[in-house]
Amino acid sequence: MIAEILSVGTELLMGQIANTDAQYISRRLSELGVTLYRHTTVGDNPARVKEALGEALGRSDMVITTGGLGPTEDDLTKEMVGEYFRLPMQLHQPSLDEIERYMSRIGRPMTDNNRKQAYFPEGAIIMPNLCGTAPGCIVEQNGKAVAVLPGPPRELKDMFDRQLAPYLARRSGMHIESKFLRVFGIGESMLETMLIDLFHSDNPTLALYCGAGEVQARISARAETVEQAEALIEPLEKEIRSRVGDALYGYGVDNSMPNAVLQLLRRRGETVCFAESCTGGRMAASVIDSPGASDAVKESYITYSDAAKARILGVREATLQAHTAVSAECAREMAEGARRISSADWAVSVTGVAGPDGGTERTPVGTVFIGVAGADGVEVKEFHFRGNRDWVRTLACSNGLNLLRLRIIGG
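In this numbering scheme, every chain counts its residues from 1 along its sequence in written order. This being a predicted model, a pLDDT of at least 70 is required before a residue's local features are given, and a value of 80 or more before pairs of side-chain atoms are given or counted; all residues contribute to the totals for chains, interfaces and linings. Values reported for side chains reflect all heavy atoms of the structure, with hydrogen atoms and water molecules removed beforehand.

Peer 1: How should the pattern of salt bridges be read in this particular structure?
Peer 2: Note on pairing: side chains with opposite charge can pair once their charged atoms come close. For this document, the term salt bridge refers to a Lys or Arg side-chain nitrogen within 4 Å of an Asp or Glu carboxyl oxygen. Per the counting criterion, the structure on display carries 18 salt bridges. E4 serves as the salt-bridge partner of R59, at 2.5 Å between the closest nitrogen and oxygen. Of this pair, R59 sits in helix α3 (residues 46-59) while E4 sits in strand β1 (residues 2-8); the two residues are 55 residues apart in sequence, bridging distant segments of the chain. For every residue, the accessible area obtained with a 1.4 Å probe (protein chains only) is divided by the maximum for its type, and the residue is called buried under 20%, exposed over 50%, and partly exposed between those limits. By relative accessible area, which is 35% here, R59 ends up partly exposed. Among the salt bridges present, the one from E98 reaches R101, with a minimum N-O distance of 2.9 Å. Taken as a pair, E98 and R101 lie in helix α5 (residues 93-105) at a separation of 3 residues, close to a single helical turn. A relative accessible area of 33% means that E98 is categorised as partly exposed. Salt bridges sharing partners connect three or more residues here, namely E98, R101 and R105. Note on conventions: DSSP H or I runs of at least 4 residues are helices, E runs of at least 2 residues are strands, and numbering of each starts at the N terminus.

Peer 1: Is there a simple way to think about the sheet that holds strand β12 (residues 248-251) in this case?
Peer 2: By definition, the strands of a sheet pair up through backbone hydrogen bonds, in either a parallel or an antiparallel sense. Taken in spatial order, the 4 strands make up an open sheet running β10-β11-β9-β12, and their pairing is antiparallel. Pairing within the sheet leaves two strands with one partner each, and these edge strands are β10 (205-210) and β12. Strand-to-strand twist across the sheet, computed as the mean angle between neighbouring axes with direction ignored, equals 25 degrees. A pair of strands is labelled paired if DSSP reports no fewer than 2 bridges between them. Of the pairings in the sheet, the one linking strand β9 (residues 175-184) to β12 comprises 3 bridges and is antiparallel in character. Note on β12: the bridge partner recorded for V183 is L248. Should any heavy atoms of two residues lie within 4.5 Å, those residues are considered in contact. Fitted lines through C-alpha atoms serve as axes, helices being fitted only where they are in contact, and the angles separating the N-to-C directions of these axes extend from 0 to 180 degrees. Along the sheet, helix α8 (residues 188-195) contacts β9, β10 and β11 (214-223); its crossing angle with β10, the most-contacted strand, is approximately 165 degrees.

Peer 1: What should I look at first to understand the packing of helix α2 (residues 20-31) against helix α7 (residues 153-172) in this one?
Peer 2: Packed helix pairs are specified by the crossing angle of their axes together with the interaxial distance, meaning the distance between the axes. The interhelical angle for the contact between α2 and α7, taken along N-to-C directions, is 25 degrees, at an axis separation of 11 Å. Overall, the two elements α2 and α7 adopt an arrangement that is roughly parallel. Crossing geometry of α2 relative to α7 is assigned as right-handed. Here α2 contributes T20, D21, Y24, I25, R28 and L29 to the contact with α7, which in turn contributes P153, L156, K157, F160, D161, A165 and L168. Residue classes in the contact of α2 with α7 are distributed as 8 nonpolar, 1 polar and 4 charged. Here roughly perpendicular refers to angles of 65 to 115 degrees, roughly parallel to angles under 35, roughly antiparallel to angles over 145, and oblique to all remaining angles. Two helices that cross are described as forming a left-handed crossing if the nearer one is turned anticlockwise from the farther one by less than a right angle, and a right-handed crossing if clockwise. Classification convention: Asp, Glu, Lys, Arg as charged; Ala, Val, Leu, Ile, Met, Phe, Trp, Tyr, Cys, Pro as nonpolar; all other residues, Gly among them, as polar.

Peer 1: Even after reading the chapter, I still don't get the pairing of strand β3 (residues 62-66), so can you show me in this structure?
Peer 2: Within a regular strand, side chains alternate between the sheet's two faces. β3 sits mainly inside the fold: 5 of its 5 residues count as buried. Burial along β3 is two-sided: M62, I64 and T66 facing one way and V63 and T65 facing the other are all buried. Pairing analysis gives 5 bridges linking β1 to β3, with the strands arranged parallel. For I5, the partnering residue across the bridge sits in β3 and is I64. Inspection of the sheet shows β3 paired to strand β8 (residues 144-149) by 5 bridges, in the parallel sense. For V63, the partnering residue across the bridge sits in β8 and is V146.

Peer 1: Hey, could you run me through the packing of helix α10 (residues 257-268) against helix α15 (residues 389-409) in this one?
Peer 2: Viewed as axis vectors pointing N to C, α10 and α15 meet at an angle of 30 degrees, and their least axial separation amounts to 9 Å. By the angle class used here, α10 and α15 are roughly parallel. Crossing hand, α10 versus α15: left-handed. Mapping the contact onto sequence places M257, P258, V261, L264, L265 and R268 in α10 and S398, L401, N402, L404, R405, I408 and I409 in α15.

Peer 1: Looking at this model, I keep getting lost on the nonpolar core. Mind explaining?
Peer 2: One broad trend across soluble globular proteins is that nonpolar side chains are buried collectively. The definition of a nonpolar core used throughout is a set of buried Ala, Val, Leu, Ile, Met, Phe, Trp, Tyr and Cys residues joined through side-chain atoms within 4.5 Å. Counting residues in each nonpolar core, the largest one holds 34 residues, and the members touching the most others are V272, F274, V348 and L404. Going through the elements one at a time, α10, β13 (272-276), α11 (282-288), β15 (346-352), β16 (367-374) and α15 are the ones with two or more residues in this core. Element by element, the count of residues in this core is highest for α15, at 8 residues. When sequence neighbours within four positions are dropped, the list of residues in contact with V348 reads V272, C273, F274, A275, M283, I370, G371, V372, G400 and L404.

Peer 1: How should the sheet that holds β16 be read in this particular structure?
Peer 2: In space, the 5 strands of this open sheet follow the order β14-β13-β15-β16-β17, with mixed pairing throughout. Of all strands in the sheet, those bounded by a partner on one side alone are β14 (297-302) and β17 (377-384). Each neighbouring strand pair of the sheet contributes to a mean axis angle of 15 degrees, computed without reference to strand direction. This element, helix α14 (residues 328-342), spans β13, β14, β15, β16 and β17 of the sheet and lies at about 145 degrees to β15.

What follows is the structure, given as structure tokens:
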């Protein structure tokens, strides 16, 4: 089955909000074995919505629309679907009753335009909205289908998972299972070279995606059951693991480097502290974002000035005078001092020039020194990142955590 996503909303075209709905639907369609070739975005204009719908149905078996189900005059997605299929709009009394109950629960008056949300093209399959007032629907005609979903992400995800996903699974008759392998420290071109012969398989397939200093390798397999798909994935995954070694740090779209490091520390019952200068606490914050951080993160120091590095971490004045704060020597003493005063098992330090100003011939913008201190000593590495201030800080954090990960596992 071939599907297409039609996102409705002028705010999407103007860049006022990101289209996270399309991203979510794309991932779920892949899991359900539905082929997706195109995303289309159109503003809140009835004629253009209807035109885009016709074009999409000319290319695909099913169109999934998002947005345009609200009570206002410009919310006309259902109406345009009805017009395209030449179906009259009919009141669905159970939906109206639920909208009235919902408005009563939240203490808001029921207005005439709220009633509009209970009208659907004749014969539509109604998908109740358990998180809001805008029900969705599925319209089928001549082997084609249109699924109409609300725009708010929370409502859309709930409706997709509870109601549309089972419908799609029944129609597709196939299952696509995907596994994401997260690789850090090997660039996309190098990783492709290392795995080049593995891209020639039709089932499973392999694809690479770039991230912040890392690459995700996605393995996808088509089969009638999840178990059969997983069996197809396993040999390819094993081969990739053997080639990339310790550069493979985790699995899954959401299993980030900070979370992977935190879980590693928790499994080992070890603790960490951070001493940050140019990253301003971002490295510690990224780890603390994950639940369970209190098990492993002891404390963090933001020592932005030279005086703070000396007073809090014990960096020697002689070191700062001879080598400056942006140096391997300073990063070493920052890590040593942080581990000493916190009594943590590990300490990570970072100092550098994030830019856009402050660089010198000796330490140009993008120069960052990262130190990792443990019971067996301190390791310091020098990096030269390219990009704006935010990107330099982002790469400093991810590389600092990766250095910690490698030290912990002995890589």
